[in-house]
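What follows is each chain in one-letter form.
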Amino acid sequence: MTTAPDLPPQELMERTGRQRLVVSALQAVLPAHALLWNSEDTTPYECDGLTAYRQRPLVVALPETYAQVQAVLRACHALDVPVVARGAGTGLSGGAMPHRLGVTLSLAKFNKILKLDAASRTAVVQGGVRNLAISEAAAPLGLYYAPDPSSQIACTIGGNVAENSGGVHCLKYGLTLHNVLKVRGFTIEGEEVEFGSDALDGAGYDLLSVVIGSEGMLAVTTEVTVKLVPKPVLARCIMASFDDLRKAGDAVASVIAAGIIPAGLEMMDKPMTAAVEDFVHAGYDLNAEAILLCESDGTPEEVEEEIGRMSEVLRRCGATAIAISQSEAERLKFWSGRKNAFPASGRISPDYMCMDSTIPRKRLADILLAIQEMEKKYGLRCANVFHAGDGNLHPLILFDANDPDQLHRCELFGADILETSVAMGGTVTGEHGVGVEKLNSMCVQFSGPENEQMFGVKRAFDAKGLLNPGKVIPTLQRCAEYGKMLVRGGQIKHPDLPRF
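The shown structure was predicted, so the numbers you read here are calculated from the model rather than taken from an experiment.

Q: Summarise the overall build of the chain; cite the residues concerned and give the values.
A: Along the chain, the regular secondary structure elements total 17 helices and 18 strands. Here the C-alpha atoms of the chain give a radius of gyration of 23 Å, agreeing with the 23 Å that 2.2 N^0.38 yields for 500 residues. Considering only C-alpha atoms, the chain reaches an extent of 70 × 60 × 40 Å along its principal axes. Every one of the 500 residues in the chain was classed for burial, and the buried ones make up 54%. Within the chain, counting contacts between residues at least 6 apart in sequence, those at least 24 apart form 71% of the total. For the chain, the exposed area adds up to about 20200 Å²; of that, 54% sits on carbon and sulfur atoms. Both charge centroids of the chain, one from 47 positive and one from 60 negative side chains, sit 2 Å from each other.

Q: Pulling in residues and values, what's your account of the packing of aromatic side chains?
A: One pass over the structure, following the stated rule, counts 5 aromatic pairs. Look at Tyr-144 and Tyr-173: their rings are 6.4 Å apart centre to centre, the planes differ by 75 degrees, and that puts the pair in the edge-to-face class. Placement of Tyr-144 in strand S7 (residues 143-144) and of Tyr-173 in helix H6 (residues 170-173) is noted, with a sequence separation of 29 residues between them. We classify Tyr-144 as buried; its relative accessible area is 17%.

Q: If you had to explain the pairing of strand S17 (residues 381-386) to someone new, which residues and values would you point to?
A: The element S17 is extensively covered by neighbouring structure, given that 5 of its 6 residues are classed as buried. Alignment of S17 against strand S18 (residues 395-399), held across 4 bridges, turns out to be antiparallel. When the sheet's bridge partners are listed, Arg-381 is paired in S18 with Leu-398.

Q: If you had to explain the sheet that holds S18 to someone new, which residues and values would you point to?
A: The strand order across the open sheet built from 7 strands is S15-S12-S14-S13-S17-S18-S16, with neighbouring strands paired in antiparallel fashion. The strands lining the two open edges of the sheet, one partner per strand, are strand S15 (321-324) and strand S16 (351-354). Sheet twist, expressed as the mean angle between neighbouring strand axes with direction ignored, is 20 degrees. In the packing of helix H11 (residues 328-339) onto the sheet, contacts are made with strand S12 (234-242), strand S13 (264-269), strand S14 (290-298), S15 and S17, and the angle to S12 comes to roughly 50 degrees. Strands in contact with helix H14 (residues 404-423) are S16, S17 and S18; relative to S18, the strand with the most contacts, it is inclined by about 165 degrees.

Q: I'd like to hear about the state of the cysteines, residue by residue, with values.
A: Here, disulfide denotes a covalent bond that connects the sulfur atoms of two cysteines. This model, assessed by the stated rule, comprises 1 disulfide. Sulfur-sulfur distance for the disulfide between Cys-443 and Cys-479 comes to 2.2 Å. Classification of the bridge connecting Cys-443 and Cys-479 rests on its S-S torsion, roughly -85 degrees, and on that basis the disulfide is left-handed. Taken together, the residues Cys-443 in helix H15 (residues 442-445) and Cys-479 in helix H17 (residues 476-489) connect sequence positions 36 residues apart. Given the relative accessible area of 0%, Cys-443 is considered buried. On the accessibility criterion, Cys-479 (3% relative accessible area) is buried. Summary of cysteine pairing: Cys-170 is not part of a disulfide, and the nearest cysteine sulfur, belonging to Cys-155, is at 13 Å. The thiol of Cys-317 is not disulfide-bonded; the next cysteine sulfur, from Cys-294, is found 10 Å away.

Q: A description of helix H1 (residues 9-27) should follow, citing residues and the corresponding values.
A: An ideal rise of 1.5 Å per residue puts 27 Å on 19 residues; H1 measures up with 26 Å between its terminal C-alpha atoms. Considered for burial, the residues of H1 that qualify are Arg-15, Thr-16, Gln-19, Val-22, Val-23 and Leu-26. Looking down the long axis of H1, one finds its buried residues gathered within 140 degrees of arc, a one-sided arrangement. Of the exposed residues in H1, those oriented more than 90 degrees away from the buried face are Gln-10, Met-13 and Arg-20.

Q: Describe the side chain of Asp-269, naming the residues involved and giving the relevant values.
A: The residue Asp-269 is located in strand S13 in this model. Lys-270 is the oppositely charged side chain nearest to the buried, salt-bridge-free Asp-269, at an N-O distance of 10 Å. Looking at Asp-269, its side chain comes within polar contact range of the main-chain nitrogen of Met-272, at 3.1 Å. Beyond its immediate chain neighbours, meaning those up to four positions away, Asp-269 contacts Leu-245, Glu-289, Ala-290, Cys-382, Ala-383 and Asn-384.

Q: Account for the environment of Leu-21, with residues named and values stated.
A: For Leu-21, the location among the structural elements is in helix H1. Overall, Leu-21 belongs to the partly exposed group, its relative accessible area being 47%. When the C-alpha atoms of Leu-21 and Leu-79 are compared, they prove to be 8.6 Å apart, with 58 residues separating the residues in sequence.

Criteria and cut-off values
Residues numbered from 1 in each chain as written. Predicted model: local features only at pLDDT ≥ 70, side-chain atom pairs only at ≥ 80, totals over all residues. Heavy atoms only, no water. Helix = DSSP H or I, 4+ residues; strand = E, 2+ residues; numbered from the N terminus. Rg over C-alpha atoms; globule rule 2.2 N^0.38 Å. Buried < 20%, exposed > 50% of the residue type's maximum accessible area, 1.4 Å probe, protein only. Contact = heavy atoms within 4.5 Å. Areas by Shrake-Rupley, 256 points an atom, 1.4 Å probe, with all protein chains shown as cover. Lys, Arg positive; Asp, Glu negative; His and termini not counted. Charge placed at Lys NZ, Arg CZ, Asp CG, Glu CD. Phe/Tyr/Trp six-rings, centres within 6.5 Å; stacked < 30°, edge-to-face > 60°. Pairing = 2+ DSSP bridges. Axes fitted to C-alpha atoms, helices over the stretch in contact; angles between N-to-C directions. Disulfide = S-S within 2.5 Å. Expected span 1.5 Å × (residues − 1). Arc of directions from axis to C-beta. Salt bridge = Lys/Arg side-chain N within 4 Å of Asp/Glu carboxyl O. Polar contact = N/O pair within 3.5 Å; in protein donor to acceptor, adjacent residues only side chain to side chain.

This is a description of form; function is not addressed.
Below is the structure:
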């Protein structure tokens, strides 16, 4: 039985003994091919999209039936073994990073679309179904699934439920929460649970809103009923250039203030525009300090009227150039850069860390200018792309993870962005989740008693704390230590925020 050779002897003995115990228990409930424990087999599971932090799991379980999922959870609960559920591993906050003495429970084999219902405009899918696969299957019915994260070609609906994912069209159509009717799964004890209903509302507490966005801490999702919406007759996109960040930020607020809710409203700054244009050649204005992508969808008459109104607002706010897609191919070309922002960043830097804070729309320019000052402070570059319509930022801090000093400065840079966002009236995450990445920043947004209330919800579902432990909610001790560290390092910027 091969284990991690780089561990201290005492820890290696502990891991080896525990591994034998867990493997023996799971071999009784899983076929041989559905259980991995050798280092070369478990290493691919050591991180998710947040590659800066890695940890090999003790065991990887790949069940193929609901009964096997239930049996794995019951076995782990009996042995007090932590369980981390994993979908496609595209998450960006370390939510699926394994526990070193725990089981990674992969739901990859649950990839069936069980039912498409045109009359009720719903689809019942297993947790491992890819986001984009739902829309592809529903297309012959003239329907699609609206939330569209940039990773939609690979990310799973179970992962979307865990993180309450959004996408470029979330401004008009909502996040995962607004597009899911029902979630089914299992608790850590192996009890089958169901949240929500096939109706628009259900009796009792709204536990569906609790489990969506709970980052795998309350239950393991196996099946989801999603809402489908009709494909619009027409969609067109405006690409607007601005020679000033503040003008671009003010334009976003002005579009919403005019009573317009675009299908998508995205913003990219100059460094990001240069990166994606070199990658996909979308025709972006490389001289602009920022560009906005504003989409309208609906009937031809609705789209024409809304495009006209948005163009007028953008010109009034100082747009230096406006281009309007004249075909579906051109619309997709405009969006190709935005959809490929992350891979484009990977071409210009060994690593990047993608933040995910949300701020009031009126503060967009303020946070971008603050980030520019942080670039000088921490000596690292940052490219910005985000869902401007709902104020969800995605600053990509560029660094080299092989350099410990760069990683440390990147962590400080990210924490600074999150704390500044909270001070501006925002929150530390909009759709990527907290995971391990933003755990310290939860101390900045929430007080000790508030975090303890969240632990209370966790204990109600998982009294032993075995599902995805050590993530999302910081302990009082962690917050105290983090606060003292910031005081010692002179990092306190907003002393009025919670931290101890």
